[in-house]
Amino acid sequence: MNHFIAILILACISLCAHSQDLVIKQKGKKPKPHKKYGVIDSRTGKKVIPYQYDAIEKLNDKYFIVLDGDKYGTIDHKNRQVIRTRYEELIETEYDDLFITYRYGEYGLINVEGKILTSAEHDEVRLLSRSALLVYKRDQFRLTDLNAKDLTGELFDFYGIAVGGNDLETIREVGHFIGYTKHKQGIYSTDGKTLCPAILDKVMHIVGTDRYIVLSKGKMGVIDFEGNKILPMHFDYIEELPTLDGNILTAEKRGKIGLYTVAGKEIFPPVLDRVNASPESKHFVVQNNGKQGLLSAEGEVVLAVIYDEVTCPSGGGHYVAKKDGKATLFDAQGTKVMPFKYETMSEIMHNAEFYFIASNEGKFGLIDADEQAVMPFIYNDLIYDANKENFWASKDGHYQAIDMEGKVLLPEKYQNIAVDYIGITRYQKTDGSWCKRIAGVEVSCDPPVYEFVDKLPEFPGGAQGLDKQVYEQLQYPQEALLDEREGVVLIGYTIAASGQVEDYRILRDPDPQGSLGAAALKALQEVFDSNRWVPAQKDGTQVSTRYNMPINFRLN
C-alpha cells in the first residue's frame, strides 16, 4: 500500500513539472508596433498559440480574449475559437462567464462557451444579475431573462432608485429598482421578479431598509419588498425624518401628523401640526395649535407642547425653549437648567466646551450651561467666528473682533460682518465695500454694491433677449420631470462695474431635491459667461448692483 502511494506522489511531481506556464508574447526579440501576439509555454519554450493575433488577454485557466484585426473573440488554450472574432467590443461583466457584445452599433449577451443568449440587436444591455437584464431599444427599457424573454410585459421610460440614480452597482447592492412607465411606477427585483406592478403613482425607497413609501390615487402608504402593506394607503403624505436612531416616518392624515417606525409601529398618534427632527438629535420638536414641545424617538413627552418655540441647537444635549418672549435652557431629560429671563439663546462650542450667546433687555452676552456669565451683557450684537475661535461684537454701531475676555484683537471697526464657516470671514466697511480676511489678514476688497443707482444696467438685447437666451439654455432635470416637480426658481447675482456677473445665489428653489435650482443656475451662468452687461451708473461712474431673476419651470 505504501509503495502505491509513493508511486502516486512521484507521478504527480512528474506531471506538475511538465505543466504549462503560459506567457503571452509578441513575435521577435523586441516588442514592435504591428507585430502579432501568441502564447508560449515558458518552461519548454514551445509555442502553444501561434503569433497571429493583434492582442491577447488571459481570461481564465481555459480561455483567452483575442483581437484579430479590429474584432474581438475568445479562444481556448489549443487555439480553438470559442467566441467568434466578429465583435467590435467584448465587454466583461461582474460574472466571469458572461460578456456583453457590441456589433454594428448594437448590444447583446453571450456566455463564455460562445452561446449567444441575447442577440446583438439592442441599443443597450444592462446586466442586473445571473437571471435578469434590462434591454434598451427604441427609447424604452424591458426587464428580461438572459435570453431576452420579457419578464413583466411592461415598457419602462426610466429606471432607478431613490439614492444612486440608475447606477447598476448600487441597484445590484440594494437588490431592486423602480421602473417608471409614462404615467405609473412599479418595483422589481434584480433577479427579474415583479414585486409590485407599475400601478403606483409614486415610489420612494426608504434607504437602508426593504420598505417603500408609495402613492396611489392620492393616498400614501408603506409597503415592503414583497408588496405587503406596512402602513395602510390612507395617509395624505408620508416622509422620512433624519434621526440618529434610524428610520422614523411622519404620516399626515386630515391635516394632522403622527410618528411611525418603518416597521409600521405607531410612536405618536396623528394629532400634531408639525414635526421637526435633526440628524444630531434623538428627539423631535413637535407643534400643535401654535405651541411646541419635545418628544423622544420612543414617543415619550420630554417637554410638554406648551412653548412658543423649542430649538435643538448643535448637539450639546440642551434644548432652548421660549415662552412669553423669554427663553430658557432644558437638558435632554427635560429638566430646566435656568429660569426664563433671556430673549434669545444660541449654542456655540468654543475650545471643546458648550456656551450660549444670550440676549437680555436688548443686550448680548455669553453664559455657560450653569448660567455663569462669561462675557457681560453689554453688546448690541455678538457673533461667534468658529474659523478663528473669536467673537465679533457690535458696540456703538460698529463690529470689532474680541476674545472671550473682551480684549480687542483687531483695531479696525466694520459696519457689518458675515461669517461663512468655510475659512473666510467677510467684512463690510463704512463705504459699503466688502473685504475678505483669511486668518485675520485682509486679502481682497470688493467695490461697494449699490441698491439704488442713477442708471440701471442693460443686457444686450434687453429683458426679452435675456429671457430668450436663458430659456434656450434651460434644461428640465429628468428626475424633476418624473416626480412632476415644478415652480419658480429665484436667482440673485451681482452685475459688477466691469459688466461681468458674479456672486450667484439661489434665493428660492421650490424643489426639495435642489435640481430645479441647479438647472436654473447653470442656464444663467452659461448665458452670462458669453454676454457682458452694460453696467449700472451712479454719479457718472460705473458701479456694481444686485439683480434677481425668476426662472419658471412648468409642466405642460
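Because the structure is predicted, anything quoted here is derived from the model rather than measured. (Residues numbered from 1 in each chain as written. Predicted model: local features only at pLDDT ≥ 70, side-chain atom pairs only at ≥ 80, totals over all residues. Heavy atoms only, no water.)

A. View of the pairing of strand S46 (residues 487-495). Where burial is concerned, most of S46 is hidden: 8 out of the 9 residues are buried. Inspection of the sheet shows S46 paired to strand S49 (residues 541-553) by 9 bridges, in the antiparallel sense. By the bridge assignment for S49, Ile 495 is matched with Thr 545. With 5 bridges joining them, S46 and strand S47 (residues 501-508) adopt antiparallel strand pairing. (Buried < 20%, exposed > 50% of the residue type's maximum accessible area, 1.4 Å probe, protein only. Helix = DSSP H or I, 4+ residues; strand = E, 2+ residues; numbered from the N terminus. Pairing = 2+ DSSP bridges.)

B. Highlighting the sheet that holds strand S38 (residues 381-385). The strand order S38-S39-S40 describes an open sheet built from 3 strands, whose pairing is antiparallel. Edge positions in the open sheet fall to S38 and strand S40 (398-402), since each of these has one partner strand only. Shown here is a sheet whose adjacent strand axes are inclined to one another by a mean of 25 degrees, direction ignored. When S38 meets strand S39 (residues 390-395), the two strands line up antiparallel, connected through 5 bridges. Following the sheet pairing, Ile 383 is matched in S39 by Trp 392. (Axes fitted to C-alpha atoms, helices over the stretch in contact; angles between N-to-C directions.)

C. Seen up close, the pairing of strand S34 (residues 344-350). Bridge analysis of S34 against strand S35 (residues 353-360) gives 7 bridges, and the strand direction is antiparallel. Bridge pairing in S35 places His 350 opposite Glu 353. Counting the residues that bridge the hairpin from S34 to S35 gives 2 residues, and of these Asn 351 lies at a positive phi of roughly 55 degrees.

D. Geometry of the packing of helix H3 (residues 462-473) against helix H5 (residues 515-529). Across the interface, H3 lies against H5 with an axial gap of 8 Å and an inter-helix angle of 125 degrees. The orientation of H3 with respect to H5, classified from their angle, is oblique. H5 is crossed by H3, and the crossing has right-handed handedness. Along the contact surface, H3 presents Leu 466, Gln 469, Val 470 and Gln 473, while H5 presents Ala 523, Leu 524, Glu 526, Val 527 and Phe 528. (Parallel < 35°, antiparallel > 145°, perpendicular 65-115°, else oblique. Left-handed = near helix turned anticlockwise from the far one by under 90°. Contact = heavy atoms within 4.5 Å.)

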